[in-house]
Amino acid sequence: MKSVLLIMYFSFVGLNVVNINNTEATLKVTTIESSFSLINDSKEKISIHTGTGFVSLNKGSKTSIGCNVGKEVRWANEGKKGDVIFKITADMCGKTLKLSELTK
């Protein structure tokens, strides 16, 4: 009887260890940065729509943009959205990017 209880106990503990390891692996895969930085390296002041709001950037200034993959960042003029500059991709998350690199 004792051996049956020991086997059941170790079987149960073994299953829990497997579940914990699978959970940890999943968490590592799904963790990503929640924003990226955009630097206005042009020679003029610009206005953009980040996908969630309007931002004006002086030359050389920088802004943080939420990493909402698939959202479009657009030119802006007097509070109105203009043409698409680029779409946000997962590889942008956590990085600092220059406007000139994204407008090529």
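Model, not experiment: these values are computed from the prediction.

Thresholds, definitions, all that
Residues numbered from 1 in each chain as written. Predicted model: local features only at pLDDT ≥ 70, side-chain atom pairs only at ≥ 80, totals over all residues. Heavy atoms only, no water. pLDDT = per-residue confidence, 0-100. Contact = heavy atoms within 4.5 Å. Disulfide = S-S within 2.5 Å. Helix = DSSP H or I, 4+ residues; strand = E, 2+ residues; numbered from the N terminus. Pairing = 2+ DSSP bridges. Axes fitted to C-alpha atoms, helices over the stretch in contact; angles between N-to-C directions. Salt bridge = Lys/Arg side-chain N within 4 Å of Asp/Glu carboxyl O. Buried < 20%, exposed > 50% of the residue type's maximum accessible area, 1.4 Å probe, protein only. Polar contact = N/O pair within 3.5 Å; in protein donor to acceptor, adjacent residues only side chain to side chain.

### Remarks on the confidence of the model for the chain
Residues with a pLDDT of 70 or more make up 68% of the chain, whose mean pLDDT is 82. Of the regions scoring below 50 in pLDDT, residues 27–31 engages in zero contacts with residues more than four places distant in sequence or in other chains.

### Re the state of the cysteines
Taken as a whole, this structure holds one disulfide when the rule is applied. Between the sulfur atoms of C67 and its disulfide partner C93 the distance amounts to 1.7 Å. Between C67 and C93, the S-S torsion sits near -75 degrees, and that sign places the bridge as left-handed. In this pair, C67 is assigned in the loop between β4 (62–66) and β5 (72–77) and C93 in the loop between β6 (80–87) and β7 (96–98), connecting sequence segments 26 residues apart.

### A few points about the sheet that holds β4
Strand order in this open sheet of three strands is β4-β1-β7, and the pairing throughout is mixed. Each edge of the sheet is formed by a strand with only one pairing partner; in this case those strands are β4 and β7. Strand-to-strand twist of the sheet, defined as the mean angle between neighbouring strand axes without regard to direction, takes the value 30 degrees. Pairing of strand β1 (residues 35–39) with β4 involves five bridges; the strand directions are antiparallel.

### Comments concerning the pattern of salt bridges
The full count for this structure, using the stated rule, is one salt bridge. Note that R74 is salt-bridged to E72, the shortest N-O span being 2.8 Å.

### A short note on the sheet that holds β6
Where strands meet in a sheet, backbone hydrogen bonds hold them as pairs that are either parallel or antiparallel. Spatially, β3-β2-β5-β6 is the arrangement adopted by the four strands of the open sheet, whose pairing is antiparallel. Where the open sheet ends on each side, the last strands, each with one partner, are β3 (54–57) and β6. Averaged over all adjacent pairs, the angle separating strand axes in this sheet is 35 degrees, with direction ignored. As defined by bridge partners, β5 adjoins β6 across five bridges and the pair is classed as antiparallel. Bridging across to β6, E72 finds its partner in K87.

### Section: the side chain of T50
Note that T50 resides in the loop between β2 (46–49) and β3. Under the relative-accessibility criterion, T50 is labelled buried at 9%. Reaching out from T50, the side chain makes a polar contact with the side chain of T52 at a distance of 3.3 Å. Ignoring sequence-local partners within four residues, the contact set of T50 consists of V55, I65, E72, V73 and I88.

### Points about the environment of T96
On the secondary structure map, T96 appears in strand β7. For the pair formed by T96 and S35, sequence separation is 61 residues and the distance between their alpha carbons is 9.6 Å. If we skip the residues at most four places from it in the chain, T96 touches S37 and I39.

### As for unusual backbone geometry
Note on backbone geometry: most residues besides glycine have negative phi, and most peptide bonds are trans. One non-glycine residue, E78, adopts positive backbone phi at about 50 degrees. By the secondary structure assignment, E78 is in the loop between β5 and β6. Residue class for E78 comes out exposed when judged on its relative accessible area of 77%.

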